[in-house]
Amino acid sequence: MRPLISWMTKSDPVLLELFEETGIAMPPAVVSYNIDGVSHPTVKRRLPVLDDHGLLRKVDDNRGYYRITDRGRAYLEGELESDDLESS
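Rules of the game
- Residues numbered from 1 in each chain as written.
- Predicted model: local features only at pLDDT ≥ 70, side-chain atom pairs only at ≥ 80, totals over all residues.
- Heavy atoms only, no water.
- Salt bridge = Lys/Arg side-chain N within 4 Å of Asp/Glu carboxyl O.
- Helix = DSSP H or I, 4+ residues; strand = E, 2+ residues; numbered from the N terminus.
- Buried < 20%, exposed > 50% of the residue type's maximum accessible area, 1.4 Å probe, protein only.
- Patch = residues over 30% accessible without salt bridge, like charges linked within 9 Å, V, L, I, M, F, W, Y side chains within 5 Å.
- Areas by Shrake-Rupley, 256 points an atom, 1.4 Å probe, with all protein chains shown as cover.
- Lys, Arg positive; Asp, Glu negative; His and termini not counted.
- Charge placed at Lys NZ, Arg CZ, Asp CG, Glu CD.
- pLDDT = per-residue confidence, 0-100.
- Expected span 1.5 Å × (residues − 1).
- Contact = heavy atoms within 4.5 Å.
- Pairing = 2+ DSSP bridges.

For the protein, an unreviewed UniProt entry supplies the name ArsR family transcriptional regulator and the organism Natrinema pallidum.

Structure, rendered in structure tokens:
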């Protein structure tokens, strides 16, 4: 089961799932185009937060591409405790 983390929004798991399902690096525009129910401004705000907490990694600073990390996959699998994510 995925832990509930105080800094997360309901959009965050949905964003992570898209990255995990596709397995590719994507910029915010591509993410928001391919996801239902999450606006482009929300995607642009949330991807850096997920990067700050180690669930995504920015892989191209010039183009703003992100990729899911092993930590992000572990979160989706329910392998991380909430304390592991609160302190990051």
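**Some words on the pattern of salt bridges**
What the rule picks out here adds up to two salt bridges. The partner of arginine 46 in a salt bridge is aspartate 12, with the nearest N and O atoms 2.7 Å apart. One end of the pair, arginine 46, is in helix 3 (residues 40-52); the other, aspartate 12, is in helix 1 (residues 11-22), and 34 residues separate them in sequence. The same class applies to arginine 46 as to aspartate 12, namely buried. Between arginine 73 and aspartate 70 there is a salt bridge, and its shortest N-O distance comes to 3.3 Å. Highlighted residues: arginine 73 and aspartate 70, both in helix 4 (residues 70-76), separated by three residues, approximately one helical turn. Take arginine 73: its relative accessible area is 32%, and that puts it in the partly exposed class.

**Some remarks on the side chain of serine 11**
Within the secondary structure, serine 11 sits in helix 1. Overall, the relative accessible area of 12% leaves serine 11 in the buried class.

**Details of a negative patch on the surface**
A cluster of acidic side chains, namely Glu20, Glu21, Glu77 and Glu79, defines a negative patch on the protein surface. Here glutamate 79 is to be found in the loop between helix 4 and helix 5 (82-86).

**Structural notes on the confidence of the model for the protein**
Here the protein shows a mean pLDDT of 92. Residues at 70 or above account for 97%. Across the protein, the element-wise mean pLDDT spans from 80 in helix 5 up to 98 in strand 2 (residues 65-68).

**What to know about helix 3**
With 13 residues, helix 3 should reach 18 Å at 1.5 Å per residue; the first-to-last C-alpha distance of 19 Å fits that figure. Within the span of helix 3, buried status applies to Thr42, Val43, Arg46, Leu47 and Leu50. On the buried face of helix 3, the contacting elements are helix 1, helix 2 (28-33), strand 1 (56-60) and strand 2. Just beyond helix 3, the residue with positive phi is glycine 54, at close to 80 degrees.

**With respect to the pairing of strand 2**
On strand 2, burial follows the alternation: Tyr66 and Ile68 on one face are buried, whereas Tyr65 and Arg67 on the facing-out side are not. Sheet analysis places strand 1 next to strand 2, joined by four bridges and oriented antiparallel. Among the inter-strand pairings, leucine 56 is bridged to a residue of strand 2, identified as isoleucine 68. The hairpin formed by strand 1 and strand 2 contains four residues between the paired strands, and glycine 64 there has a positive phi angle of roughly 75 degrees.

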